Structures are given as C-alpha cells and as structure tokens.
Amino acid sequence: MAEKSKGQKLQEKLSYKKTNYFEVASEQERKEIFAYAEGYKAFLDAAKTEREACAVAVEAAKAKGFTEYSFGDALKAGDKKYFVNRGKSVVIFRVGSKNPEEDGFRVIASHIDAPRIDIKQNPLYEDSGMCFLKTHYYGGIKKYQWTAIPLALHGAVVRKDGSKIELSIGEKPSDPVFYIDDLLPHLGADQMAAKAGKIIEGEQLNVVVGGLPYADGEVSDKIKLTVLDYLGKKYGMCEEDFLSAELSAVPAYPARDVGFDRALIGAYGHDDRVCAYPAMTALLDGATEHTVLAMLVDKEEIGSEGTTGMQSKVYEDLMEEIAIALGANFRKVRAASKCLSSDVTAAYDPNFAGVYEKMNSAMLSCGTAMCKFTGARGKSGSSDASAEFVGEVRKMFEESGVVWQTAELGKVDIGGGGTVAKFLANLNIDTVDLGVPVISMHAPWELISKADLYSNYKAFLAFMK
Ligand code: MN
Ligand code: MN
C-alpha cells in the first residue's frame, strides 16, 4: 500500500465519519451479532403486547435467579430483583456495591407497548355476511397500512364474576387470523384521490371475525350469535364481558430475517422492543458494581400517561424505595443517577430522502443512535441532554469499543417526536436518548439492522459496567 499523504493522515486524525458496524466487526463479533438476533426474534414473537412482554421479561428474570420485589422489602448489595406494575410494565434491577448517594442509579428506560388496533368496549356486530369488531387505533399509525393483512387478537378479558382470561389467537400456524378489509382498486378511484389520512378512516378499521350463520331460523344476527357461541364455549365469556376487556389486533406475522444476507430483521413492534430486549438482556447478563434498573414501561405511544406509563409516580416510588432500603438520601441518589432513555429513532431512508438531513440522521447498521435532543420545531418538548453528559456517555462507549452514532429524527421543520427521556430528566437525572434506527417506524412491519440491535446491547453493557 502506498504511504498516506500528509493531508490524508491529517484528515484521518481530525475528521468524523460514521462507521458501518458490520464493516468493522471481527468475524467473531459478526457471529455474535447474528446469534443475538435469534434470541431477539423469539422475544418479538412471544411478546406482541406490553402484557406479554412483561410476562416474558419476568420469566427471563426468574430463570437468571431474580426474585420479585415489593415496596418495603429489604435490599442489599448483590440482590437481583424484578418489580411488576399491574402486569403491564416491569422494572428489573440489580443492587450494586457502590454507595448510591455518590454513584446514583444507572437507569435504562424503554417501552414495551407498540402501535396497534384496540378493540372498542361494545364492539361486536354483523353486517352483510360478515361479523366485525369495532376498533379504536392506539398510537400514531398510517391507518391505510393496517388493512388487508393478517391480524392476531391479543389481550385480557375480565368476566362478570371478576375472573380474568388472557387471549392470543392468530399466532400459531393452525390458528385463524383476523382482517381489516380495503376497497378493490376497480372501485377505488375516489379513495385513491383522497388524502392518505382519509383513505381509510378510523371508523372503517373494523376487524372481520366471522362469517358463519347460527343454524336457527328464529334468530336475527345469526353470524354474531355463532361468534358469541364460540366465545362462550371457548372462553366462558358473553358479549357484556367486552365491556371490561382489553383486546388488541396486531399483525399476525412473525419476525423474519430480511435480505439475501439476512442482515436485517422485519417485525411488528421493533419500536421499542428493539431497545427493551437489549435493556433486559444486558441487565440479566451484566454483573456490575452499580445499582442498575431496566425499566420496561407501557403507554409511551400515547403519551406515557396513566398508572403504567413513564409519567406514573410508581417508577419514582420504586427508586425511592430502593434508596430507602439502602439507607440513602433519595435526592442525593437522583442527583447522582444517569439514564439512557432507550427508544428507537428514524433511520435515514434513501427512498424518502427529502425529509431527512443526511449528515445528522441515523444510518442503518452504523450502530445504536444517540439523540441529544428530540422534540419538534425549536426542540419543543425535549429535555436536551447536556454536552457534559453526552461527553461522559461517549467516553464510556469509546472505552468499551461500542460502535454508535448520533441521530436527529428528521429535517428541522418537517416534524419531530418525543420519548420518555424528559420524564426521567425532570427527576433531576442526567438522561440522553439512545436507541436503534428503524425503517418504516410504526408500520405493521418495521425494519431494523442486526448490527444496530447488537450495538444497542453492547452500549447498555458499557453503561452498566
Ligand atoms: Mn418508541
Ligand atoms: Mn413509537
């Protein structure tokens, strides 16, 4: 090889360039990247709702010797615990040996809810040979993307007597699936001329759940009766039980490798399980002297509200309880704590280049992406991490050989978005966003890179170390 010129050497020394993780990974590390993705895909298929993700996380924690924690329990260094909040969010944590007042807690916060089609409380009706469920979509979706695809029904029903049943129908190959219909193109001239937001309207997102009339000439709504008969026999539920049910239609597709080289993964709900899974596995795998918490929370997609969303007092209460159990002043603990708010970001998409600013967008396979700030317009609604904290995290990654990049959601004036970061930052905890770049975010099937998934895991291990 020819000797590098003076300018080339100077450029190498002084310039910043993103790195494709696949390109720089050793053969061994490439193997690790692909092996790690297998566990992730299994997690995705087993955890399509926050309830399921919570249950899977609890099982994974138990298998690694973690035990359930309740407020008021004694804690000591070395304890491995999990705390379940209403079956819909879970915090897995390790108690470290360091003084929490000086070292604080290390928090990784991600969410396990994902955009989907929720079933209404009085949903069942029949019309023109079909039986339907009325729905109300959850999270920011392009409604037209959710038609004409196989859907599975997941959720919980609390029956009249107070007993609860949990459902998952449509995931096994032998299961039936459900369906939201769309208009044939032959009659679609007006529809296709409409604005995309109006192509399918909220009240048209009705899920087909049956087509077989009940064999009794004396009754009306025969197809509905067949469905009710099935639900009665199979689940012991009646129509009124929908009133106290939480059912969701989600894409029935399993996670699959994408591409000849299998570098990418297509799946429902990468946002934000592609961060929750690494958070969970890093916490379960990584021994540490710090007290670390992996928070897998609910309701991010609709504003982090309620008892299970990040704004709930329960997470602050938990951290305070841990501080008290360790004999530490919670205000001092919070002030010394650090948080990675771990949520996905938009990956630069060359097919929609116009909405991105290329220099500051996350590039697929260039590693987990740090967003110093989120928000919209003039950074509105963002907690905007300090240069000092970003510098600290950057150094951590550098020392652990994490391939990572920075990101911004899109062009300044185009749009924006938020994460749970600000709720943790508001507690006086240094917080920055870090997560995997996603193509087609919030679509029924999203795309990520296996390299970015593994980079995210490695980043969390570095943060915990
Ligand atoms: Mn998210
Ligand atoms: Mn989202």
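This section reports on the structure supplied with the text.

About the criteria used
Residues numbered from 1 in each chain as written. Chains lettered and ligands numbered in written order. Predicted model: local features only at pLDDT ≥ 70, side-chain atom pairs only at ≥ 80, totals over all residues. Heavy atoms only, no water. Helix = DSSP H or I, 4+ residues; strand = E, 2+ residues; numbered from the N terminus. Rg over C-alpha atoms; globule rule 2.2 N^0.38 Å. Buried < 20%, exposed > 50% of the residue type's maximum accessible area, 1.4 Å probe, protein only. Areas by Shrake-Rupley, 256 points an atom, 1.4 Å probe, with all protein chains shown as cover. Donors = N, O, S within 2.8 Å, 3.2 Å for Na, K, Ca; no water. Pairing = 2+ DSSP bridges. Axes fitted to C-alpha atoms, helices over the stretch in contact; angles between N-to-C directions. Contact = heavy atoms within 4.5 Å. Polar contact = N/O pair within 3.5 Å; in protein donor to acceptor, adjacent residues only side chain to side chain. Salt bridge = Lys/Arg side-chain N within 4 Å of Asp/Glu carboxyl O. Parallel < 35°, antiparallel > 145°, perpendicular 65-115°, else oblique. Left-handed = near helix turned anticlockwise from the far one by under 90°. Nonpolar A, V, L, I, M, F, W, Y, C, P; charged D, E, K, R; others polar.

As for the overall build of the chain
Thinking step 1. Within the chain one finds 14 helices and 23 strands.
Thinking step 2. Its C-alpha radius of gyration of 24 Å places the chain within 12% of the 23 Å reference for a compact globule of 465 residues.
Thinking step 3. By its C-alpha atoms, the chain is 85 × 60 × 45 Å across when sized along the principal axes.
Thinking step 4. Taking all 465 residues of the chain together, 52% fall into the buried category.
Thinking step 5. Total accessible area on the chain is roughly 21,600 Å²; 53% of this is exposed by carbon and sulfur atoms.

With respect to the coordination of the manganese ion (ligand 2)
Thinking step 1. Each protein donor to the manganese ion (ligand 2) is listed here as D271 (OD), E301 (OE), E301 (OE) and H442 (NE2); together their distances run 2.0 to 2.5 Å.
Thinking step 2. Between the manganese ion (ligand 2) and the manganese ion (ligand 1), the interatomic distance is 3.3 Å, and D271 donates to each metal, bridging them. Residue D271 is found in helix α9 (residues 270-285), and its partner H442 is found in the loop between β22 (437-438) and β23 (446-449); the two are separated by 171 residues along the sequence.
Thinking step 3. A relative accessible area of 16% places H442 in the buried class.

Details of the sheet that holds β23
Thinking step 1. Read from one edge of the open sheet, three strands run β12-β13-β23, paired in antiparallel fashion. A strand with exactly one partner marks an edge of an open sheet, and here the two such strands are β12 (256-258) and β23. Each neighbouring strand pair of the sheet contributes to a mean axis angle of 35 degrees, computed without reference to strand direction.
Thinking step 2. Strands in contact with helix α3 (residues 27-46) are β12, β13 (264-267) and β23; relative to β13, the strand with the most contacts, it is inclined by about 5 degrees.
Thinking step 3. Set on the sheet, helix α14 (residues 450-464) makes contact with β12, β13 and β23; between it and β23 the angle comes to about 65 degrees.

Side note on the environment of E29
Thinking step 1. Counting through the fold element by element, E29 comes out in helix α3.
Thinking step 2. In this structure, the C-alpha to C-alpha distance between E29 and Y454, residues 425 residues apart in sequence, is 9.5 Å.
Thinking step 3. Excluding residues that lie within four positions of it along the chain, E29 makes contacts with Y21, Y454 and K458.
Thinking step 4. Side-chain polar atoms of E29 contact the side chain of Y21, separated by 2.7 Å.

So, the pattern of salt bridges
Thinking step 1. Using the criterion set out here, one finds 29 salt bridges in the structure.
Thinking step 2. A salt bridge links D298 to K299, with the nearest nitrogen and oxygen atoms 3.3 Å apart. You'll find D298 and K299 in the same group, each marked buried.
Thinking step 3. A salt bridge links K313 to E316; the shortest N-O distance between them is 3.4 Å. Of this pair, K313 and E316 both sit in helix α10 (residues 313-325), three residues apart, which is roughly one turn of that helix.

Section: the packing of helix α4 (residues 50-63) against α9
A pair of packed helices can be characterised by two numbers: the angle between their axes and the separation between those axes.
Thinking step 1. Packing of α4 against α9 brings their axes to within 11 Å, and their N-to-C directions diverge by 15 degrees. Classed by the angle they form, the pair α4 and α9 counts as roughly parallel. Between α4 and α9 lies a crossing whose hand is right-handed. From α4, E50, A57, A60 and A61 reach across to α9, where they touch R273, M280 and L284.
Thinking step 2. Split by residue class, the contact of α4 with α9 holds five nonpolar, no polar and two charged.

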